[in-house]
Amino acid sequence: MAITAGMVKELREMTGAGMMDCKKALTETNGDMDAAVEFLRKNGQAKAEKKAGRIAAEGIVKTVVKDDKIAAIVEVNSETDFVAKNDEFQGFVETVVNQVADTDPADMDTFMAAAWAADPSKTVKDALVEKIAVIGENLNIRRFERVNAENGCVVSYIHGGGRIGVLVVADTDVVNDEIKTCLKNVAMQVAAMSPKYVSRDEVSQDFMDHEKEILLAQAKKENPEKPDNIIEKMIIGRLNKEMKEICLLDQVYVQDSDLTVAKYVDKVAKENNANVKVTKFVRFETGEGIEKKQENFAEEVAKQMAGN
């Protein structure tokens, strides 16, 4: 069967694959469009497997908020920052985050096996594999979280074009622009100061005991001559200082050092005759915890020239 330019164009639009790849697929399948799509998907799978060993530590974090109640945050990784800024990659991540918000998947395995929102004939994993083939880099949907603000609202904040993403959830009986601006400022605080907990109520006793043990050893080593009651006071002071660093509401509010975050929220709540309580935050930073492979550029060029 003769393969026409129109057939190649149609297959390209359906799959996003390269022109020559589409022509080859149609030739191999005698012009059968469905079989050609399957051929490309299988070829994409092979390409994806070849790239899977390469470290994807760049990428972006994206958020979406729906009706101030439902929100999702995702991190999708690429190998290079150049691809992370690519419109095709950004569009893919946009679909991912919206699907998380709309479907509330139980875990990553469930999500990857689910029907792809943009084309239910594929799974999310299929869509990822095809995108790897088209873009030419290893990509990875690394993590996601979905939140539901049943008794208030949720806001999001993106820093550095997707380098850091934050969701902040609050119980509030008033939802207006002033309250949402307040929570957005709290989200900016989370992005900048990276707290571990919302408040001291979330800090486990095991953590407190472990920190006390470390601080006790430090204090006794630094001040061997001081009596135990003085050492105890020193430990309490140091532990309080640490809590002010790792607990969001105890932190000094970065936009007004006269206030803690808790006092800032209370101030805005009072001005709006509202009851506002920050209950949760989620903070994703692109590539955190991923060990980036250090490449020698000259060696990499030499390998490519040698055909490796």
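Definitions and cut-offs
Numbering of residues starts from 1 in every chain and runs along the sequence as written. For a predicted model such as this one, the threshold for reporting local features is a pLDDT of at least 70, and the threshold for listing and counting side-chain atom pairs is 80 or more; totals across whole chains, interfaces and linings nevertheless cover every residue. With hydrogens and water excluded, all non-hydrogen atoms of the structure serve as input to the side-chain values. A run of DSSP states H or I qualifies as a helix once it reaches four residues; a run of E qualifies as a strand once it reaches two. Both are numbered from the N-terminal end. Two rings from Phe, Tyr or Trp (for Trp, the six-membered ring) form a pair when their centres sit within 6.5 Å of each other. Planes less than 30 degrees apart are called stacked, planes more than 60 degrees apart edge-to-face, and all others tilted. Charges are assigned to positions over rings by a cutoff of 6 Å between ring centre and Lys NZ or Arg CZ, combined with an angular limit of 35 degrees from the ring normal. The rule for a salt bridge is simple: a side-chain nitrogen of Lys or Arg has to be within 4 Å of a carboxyl oxygen of Asp or Glu. When a residue's accessible area, from a 1.4 Å probe over protein chains only, is under 20% of the maximum for its type it is buried; when over 50% it is exposed; and in between it is partly exposed. Paired strands, in this sense, are two strands between which DSSP finds at least two bridges. To obtain an axis, a line is fitted to C-alpha atoms, over the contacting stretch when the element is a helix, and the angle between two such axes runs from 0 to 180 degrees between their N-to-C directions. What makes two residues a contact is simply this: any of their non-hydrogen atoms within 4.5 Å.

Novice: Looking at this structure, I do not really get the environment of Val203. What am I missing?
Specialist: Positionally, Val203 belongs in the loop between helix H8 (177-193) and helix H9 (205-222). When the C-alpha positions of Val203 and Cys247 are compared, they lie 8.5 Å apart, and in sequence the two are 44 residues distant.

Novice: Can you help me understand the packing of aromatic side chains in this one?
Specialist: Scanning the model with the defined rule gives 4 aromatic pairs in all. Arg143 extends its terminal NZ or CZ atom over the ring of Phe284, reaching a point 4.1 Å from the ring centre.

Novice: Would you take a moment to explain the pattern of salt bridges for this structure?
Specialist: Where charged atoms from two side chains of opposite charge come close, those side chains can pair. If you walk through the whole model with that rule in mind, you get 16 salt bridges. Measuring nitrogen to oxygen at the nearest pair gives 3.0 Å for the salt bridge that ties Lys280 to Glu145. Placement of the pair is Lys280 in strand E8 (residues 276-285) and Glu145 in strand E5 (residues 140-148), with a sequence separation of 135 residues. You can call Lys280 partly exposed: its relative accessible area is 32%. A salt bridge links Lys267 to Glu271, with the nearest nitrogen and oxygen atoms 3.2 Å apart. Of this pair, Lys267 and Glu271 are both found in helix H11 (residues 261-271), 4 residues apart, which corresponds to roughly one turn of the helix.

Novice: Explanation requested: the sheet that holds E8 in the structure shown.
Specialist: Consider a sheet: its strands pair through backbone hydrogen bonds, and that pairing is either parallel or antiparallel. One open sheet holds the 3 strands; their spatial order is E6-E7-E8, and the pairing between them is antiparallel. The sheet is open, and its two edges are formed by strand E6 (152-159) and E8, each paired on a single side. The mean inter-strand angle of the sheet, taken between neighbouring strand axes irrespective of direction, is 15 degrees.

Novice: Honestly, the sheet that holds strand E1 (residues 58-66) in this entry has me stumped. Any pointers?
Specialist: With antiparallel pairing, 3 strands are arranged side by side in an open sheet as E1-E2-E5. One side of each edge strand has no neighbouring strand; the edge strands of this open sheet are E1 and E5. Pairwise comparison of adjacent strand axes, ignoring direction, gives a mean angle of 10 degrees for this sheet. The sheet contact formed by strand E2 (residues 70-78) and E5 spans 8 bridges and is antiparallel. Within E5, the residue paired with Ile70 across the bridge is Asn148. With respect to the sheet, helix H5 (residues 87-103) is in contact with E1, E2 and E5, its orientation differing from that of E1 by roughly 40 degrees.

Novice: Mind showing me how you'd approach the pairing of E2 here?
Specialist: For a regular strand, side-chain orientation follows a simple rule: the groups alternate between the two sheet faces. Counting buried positions over the 9 residues of E2 gives 9, a clear majority of the element. Where E1 and E2 come together, 9 bridges link them in antiparallel fashion. Note on E2: the bridge partner recorded for Val61 is Glu75. Count of turn residues in the E1/E2 antiparallel hairpin: 3 residues, of which Asp67 carries a positive phi of about 55 degrees.

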